Amino acid sequence: MIRYTPAKQLTLEGFSTPFSQQLSTSNRWVILAAKIPWDKLADVYYKKMRADFGAPTLSARMVIGAVIIKHILNIDDREVVEQITENIYLQYFVGLSSFQQEAPFDASLMVSIRKRLGVEVMSRLNEIILQEAGLTKAKEEKTSDAGSKDESDGDGGESNKVGCQADAEIVKETPSEGLSGTLMLDATVSEQQIDYPTDIKLLNEGRRQLEGIIERGCLAAELIMPRMYRNIARKQYLNIAKKKNKSKRDIRRGIRQQLQYVKRDLKYINWLIETGPTFKETLKPKEWTLIQVIQEMYRQQVEMYKKREQKISDRIVSIYQPHVRPMPRAKTAYQRSLAASNWFVERWLHTY
């Protein structure tokens, strides 16, 4: 059976709407709006504002509601405004008294909202949410129960003294004192202490390391050092690296030059190894590993240069840390600010 209504029979004026009815109480946005302590959150939001200075601001429920919508739906600023404009339940969620077809605010205002909230306001909002969810109270009760238990144990005999002594030894062995730093957690990436990876910089660094290995090996094995044109190679690299505005032609020429130098240095090392065992014996395990990494890096750079591409599988971005891989997708400043300003919403949602 085929059911189809011609497009000419569908008119905007004849389309029936349920707006004469009340909103459904089982809708997820209606349920969430009833659980959020809007008044307490508004007090924190307006704390640093003055009533007698500046232009009128948006309602606190509009601001906080827009941030929550953005986090739950995982959409950009423009889409947040579009969703609120089109969805009657979202308009109720952000505090509008009736449905309106105009956008409640401009999408560019979301940037100012994230800056205005900041870390301090986020921390305070998170505390209020935890108190409303009952997590803070439960934590206080647990602490008080533990304290009363310790007091009751202190009134015992020798067995209690032995238990206290064992607990003290456990605390003493725990290396909690003197630790400092920042713990960074991410679902996909973690920071690494490496230089910003560029093709010409990686090739230049690989060339420098190969030249050093050849020089040290030849001196230790008392062999004649081959001609490597180190000064010319360095000068060609600096002529491009010091340019503020590098054209694609300049970058490609610099990569081609460094590829030629790396290729020649690798040939020198293979020739010296085949010439006699003395050069091979002088190489350290770290130098052997570095040579293998540079060979793989050279292969990848040659393949990308010939194909005129910037991507390759298992790309090496540091010859000293070959296990490090670049991010499959870059986090923009917008995404970082979104994660910093909306983290309290996830905590709130997990409490219900």
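The structure this text deals with has already been given above.
The paragraphs below set out a description of the structure included in this document.

What counts, and at which threshold
Residues numbered from 1 in each chain as written. Predicted model: local features only at pLDDT ≥ 70, side-chain atom pairs only at ≥ 80, totals over all residues. Heavy atoms only, no water. Helix = DSSP H or I, 4+ residues; strand = E, 2+ residues; numbered from the N terminus. Contact = heavy atoms within 4.5 Å. Buried < 20%, exposed > 50% of the residue type's maximum accessible area, 1.4 Å probe, protein only. Axes fitted to C-alpha atoms, helices over the stretch in contact; angles between N-to-C directions. Parallel < 35°, antiparallel > 145°, perpendicular 65-115°, else oblique. Nonpolar A, V, L, I, M, F, W, Y, C, P; charged D, E, K, R; others polar.

This part covers the environment of Arg 124. For Arg 124, the location among the structural elements is in helix α6 (residues 109-133). Separated by 80 residues in the primary sequence, Arg 124 and Val 44 have C-alpha atoms spaced 7.2 Å apart. Not counting the four nearest positions on each side in its chain, Arg 124 is found in contact with Val 44 and Gln 131.

Quick look at unusual backbone geometry now. Even without being a glycine, Arg 308 presents a positive backbone phi close to 55°. Tracing the sequence through the fold places Arg 308 in the loop between α13 (285-307) and α14 (333-341). Taking relative accessible area as the criterion, Arg 308 reaches 63% and is therefore assigned exposed. We note that Asp 314 has phi near 55°; this positive angle belongs to a residue other than glycine.

Here the focus is the side chain of Asn 204. Structurally, Asn 204 is set in helix α9 (residues 199-221). For Asn 204, a relative accessible area of 6% corresponds to the buried category. Asn 204 has contacts with Tyr 237 and Gln 258, leaving out every residue within four places of it along the chain.

At a minimum axis distance of 10 Å, the contact between helix α3 (residues 60-73) and helix α4 (residues 77-86) shows a crossing angle of 110°. The angle between the axes of α3 and α4 places the two elements in the roughly perpendicular class. Where α3 approaches α4, its residues Ala 66, Ile 69, Lys 70 and Leu 73 are matched on the opposing element by Asp 77, Val 80, Gln 83 and Ile 84. In terms of residue class, the contact of α3 with α4 is built from five nonpolar, one polar and two charged.

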